[in-house]
Amino acid sequence: MTRVDDAGPGRARDPASCRFVVLGAGGLGSPAILGLLAAGASRITIVDDDRVAASNLQRQVLYNIADRGRAKTDAALQFARMRGAHLDRRGVRMTRAGLHDLLDELRTTADSRSVVLECSDDASLKFDVNDVCVARGVDAVIGGVLGWRGQITVVQPGGPCLRCLFEQPPPPEITPTCGSVGVIGAAAGFTGYWMTLLALRVASKQPVGPAFRTIDSRTGRCTELALQRRPQCPACRGAPESDQPGFLATRRAIQS
Ligand SMILES: [Zn+2]
């Protein structure tokens, strides 16, 4: 079993003792899950309602051509079993309310600590995950990838969050997507594996530091923008979720 022990006596935790919740088993989720399995994580829950498509196999490395049309959660479970591991899978579309319910369920099944890896391609879901995890004091690693570039934000209890940096997601009608811009498969792999490394450090109670991380795989340049809590951030102020301006604005933008 992998141990993470560079933090000094009494601080290291075995990643197998932590529950990792991976939202999205696509371009980012595939390498993230591979990395978690390789690290010896044994409590992994994956959430995805999509099916495997041949056109995405270049970056969704958990799957092969024989998996076309299968639920990603089923194909991912089979992959894990072939490696002697197991995945807890949920074939549903994740929502804000659904994440609350899932974290409640995991907490009542003796998993006292969870780290959420947000690997979907849904910008509004990333903010929903941020808000839920801030409200509940749950660690989250929120990632995204487009073209050659990836980005990652680590959200931890008491620290700055995604909404401290961005008040709300951009309107969907002006947001480039993987479908419109494309994704370099290796950029998704790089970003997904980096998300796993950060999640393992968080799970092991090792310092990560509040930063907005970006990766430009054309140049190999990685940057870290130090984050600070924004006094007006509704998520960090603990405003009721339905009263958060960003939440309402986001919903209006999606519904318009
Ligand atoms: Zn905040």
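Everything discussed here concerns the structure shown above.
Here goes a summary of the coordinates provided.

What counts, and where the lines are drawn
Residues numbered from 1 in each chain as written. Predicted model: local features only at pLDDT ≥ 70, side-chain atom pairs only at ≥ 80, totals over all residues. Helix = DSSP H or I, 4+ residues; strand = E, 2+ residues; numbered from the N terminus. Buried ≥ 20, exposed ≤ 12 C-beta atoms within 10 Å, placed from the backbone. Contact = placed C-beta atoms within 7 Å. Pairing = 2+ DSSP bridges. Axes fitted to C-alpha atoms, helices over the stretch in contact; angles between N-to-C directions.

## Considerations on the overall build of the chain
- What the chain contains, in helices and strands, is eight helices and eight strands.
- Looking at the 256 residues of the chain, the share that counts as buried comes to 43%.
- Considering only residue pairs separated by 6 or more positions, the chain has 70% of its internal contacts joining residues 24 or more positions apart.

## Observations concerning the sheet that holds strand E3 (residues 88-90)
- Pairing is mixed in the open sheet, where eight strands are placed in the order E3-E2-E1-E4-E5-E6-E7-E8. The open sheet terminates on both sides in strands that have one partner only, identified here as E3 and strand E8 (221-226). Going across the sheet, the axis of each strand differs from the next one's by a mean of 15°, ignoring polarity.
- Bridge analysis of strand E5 (residues 139-146) against strand E6 (residues 149-155) gives seven bridges, and the strand direction is antiparallel. Residue pairing across strands places Ala140 opposite Val155, the latter belonging to E6.

## With respect to the environment of Ala76
- You can see Ala76 is positioned in helix H2 (residues 72-82).
- Ala76 gets classed as buried once you count the C-beta atoms within 10 Å, which come to 27.
- Considering only alpha carbons, one finds Ala76 and Leu34, 42 residues apart in sequence, at a separation of 9.8 Å.
- Each residue touching Ala76, except ones within four places of it in the same chain, is listed here: Ala25, Ile33, Ile46, Leu62, Leu87 and Arg89.

## Section: the pairing of E8
- Counting buried positions over the six residues of E8 gives zero, only a small fraction of the element.
- Note that strand E7 (residues 211-216) and E8 share six bridges and pair antiparallel. In the strand pairing of E8, Phe212 is matched with Leu225.
- The turn joining E7 and E8, which pair antiparallel and follow one another in sequence, is formed by four residues; a positive phi near 75° is taken by Gly220.

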